[in-house]
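Chain by chain, the residues:
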Amino acid sequence: MRVVKNKTTFILTAVLLSLPVQTVDADIYKYTDESGVIHFTNVSGGRSHKRVKSEPVAAPARIPVIGDAAPGAAKNSSPRPSAGIPSVYLDIINSACDKHGVDPSLVHAIVKVESDFNPFALSRKGAMGLMQLMPQTAVEMNVKNSFSPHENIDGGVKYLRYLLDRYEGNLSLALAAYNSGETAVKRWGTIPPFRETQKYVQKIMRIYNGRGKTFTPRYTIYIGYGEDGALLLTDNPSSHEGKALRRASSKNL
């Protein structure tokens, strides 16, 4: 995922029944920032922080952090995209992929690599949830709660669709940008020479059963009317502020 500076501290206790557990006291508070993004913390911040849990809860002996080896994952394996996917996420992924025009098998592979299907995954850089959305990406994709599987997957698939369109269906570049950011891909003009990014792309392509598959870009066009009543078509709505524009995929034009 792209890297942005973020001073907000995210603290989350996840309940993992498959790991040894111990009982701890947890005071978890929820608050919404000025951008409308929901945050969870164990530090009370006054009236703006609503307490959502204050009772003994089962906590894992060690909370997994993205970047560590996935719990129970076999080394040097190439699992099928459908292998090990919790059934609760299948419909969510299929719905988001149908909505945004992305192959579900590709998203299965990305979620497997990003979070190993842990909806409460939190990276050291602040990426959150199943598809590891950075805070700024979540805001841009209109994700209010990155720990909600529905919102996280929809936002992640929407962002992936945007990257596939930007790189004209080049899956390797889209995955590289998903991992290291669009700026890095633009700078190098190819997959950046970062070991993490190169291994990330290789691992997803190995898991994805449609390896090497190309995607047809779906350019997003905004339709409206100019001040003189003339029909207006643009792919950059920010240059036409104040005008009522509606979004349409190029396949529907």
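Above this text you will find the structure in question.
Numbers given to residues run from 1 along each chain, matching the order in which its sequence is written. For a predicted model such as this one, the threshold for reporting local features is a pLDDT of at least 70, and the threshold for listing and counting side-chain atom pairs is 80 or more; totals across whole chains, interfaces and linings nevertheless cover every residue. Where side-chain values are given, they derive from all heavy atoms of the structure, hydrogens and water being excluded.

So, about the overall build of the protein chain. Helix and strand assignments follow DSSP, with helices taken as H or I runs no shorter than four residues and strands as E runs no shorter than two, numbered in order from the N terminus. Across its full length, the protein chain carries seven helices and six strands. Ordered by position in the sequence, the α and β elements of the protein chain form the string β-β-β-α-α-α-α-α-α-α-β-β-β. What makes two residues a contact is simply this: any of their non-hydrogen atoms within 4.5 Å. Residue pairs in contact within the protein chain that sit at least 24 positions apart in sequence constitute 55% of those at least 6 positions apart. Surface accessibility in these figures is a Shrake-Rupley result with a 1.4 Å probe; residues are shielded only by whichever protein chains are displayed. Taken as a whole, the protein chain presents about 14,500 Å² of accessible surface, with 49% of it coming from carbon and sulfur.

Whenever a carboxyl oxygen of Asp or Glu lies within 4 Å of a side-chain nitrogen of Lys or Arg, that contact is scored as a salt bridge. The final tally for this structure, using the stated rule, is four salt bridges. Here Asp154 and Lys99 are joined by a salt bridge, their closest N and O atoms 3.4 Å apart. You can see Asp154 sitting in helix α4 (residues 149–166) and its partner Lys99 sitting in helix α1 (residues 87–100), a full 55 residues away along the chain. Take Lys99: its relative accessible area is 55%, and that puts it in the exposed class. The partner of Asp165 in a salt bridge is Arg161, and the shortest N-O contact between them spans 2.9 Å. Of the two residues, Asp165 and Arg161 are both situated in helix α4; the distance of four residues between them amounts to about one turn of the helix. When sorted by exposure, Asp165 lands in the same class as Arg161, which is buried. Note on exposure labels: buried denotes an accessible area under 20% of the residue type's maximum, exposed denotes more than 50%, and partly exposed covers the range between, all computed with a 1.4 Å probe on protein chains only.

This paragraph deals with the packing of aromatic side chains. For Phe, Tyr and Trp, rings pair up if their centres lie within 6.5 Å, where Trp contributes its six-membered ring, and each pair is then called stacked (planes under 30 degrees apart), edge-to-face (over 60) or tilted (otherwise). Applying the stated criterion to the full structure yields four aromatic pairs. Judged by centre distance (6.1 Å) and plane angle (20°), the ring pair of Tyr159 and Tyr162 falls under stacked. Taken as a pair, Tyr159 and Tyr162 lie in helix α4 at a separation of three residues, close to a single helical turn. Ring plane angle 40° and centroid distance 5.7 Å describe the contact between Tyr159 and Tyr178, whose orientation is recorded as tilted. A residue pair is termed long-range when its members are at least 10 positions apart, and Tyr159 in helix α4 and Tyr178 in helix α5 (residues 171–180) qualify at 19 residues. Owing to a relative accessible area of 0%, Tyr178 belongs among the buried residues under this scheme.

Turning our attention to α4. Owing to its 3.6 residues per turn, the α-helix brings residues three or four apart onto one side. Under the convention used throughout, the expected extent of a helix is 1.5 Å for every residue step, that is, one less than its residue count. Here α4 contains 18 residues, and its C-alpha end-to-end distance of 25 Å stays within 8% of the 26 Å for a straight helix at 1.5 Å per residue. Three or more residues of α4 are buried, namely Asn152, Ile153, Gly155, Gly156, Val157, Tyr159, Leu160, Arg161, Leu163, Leu164 and Asp165. Along its buried surface, α4 packs onto α1, α2 (104–115), α3 (135–140), α5 and α6 (182–188).

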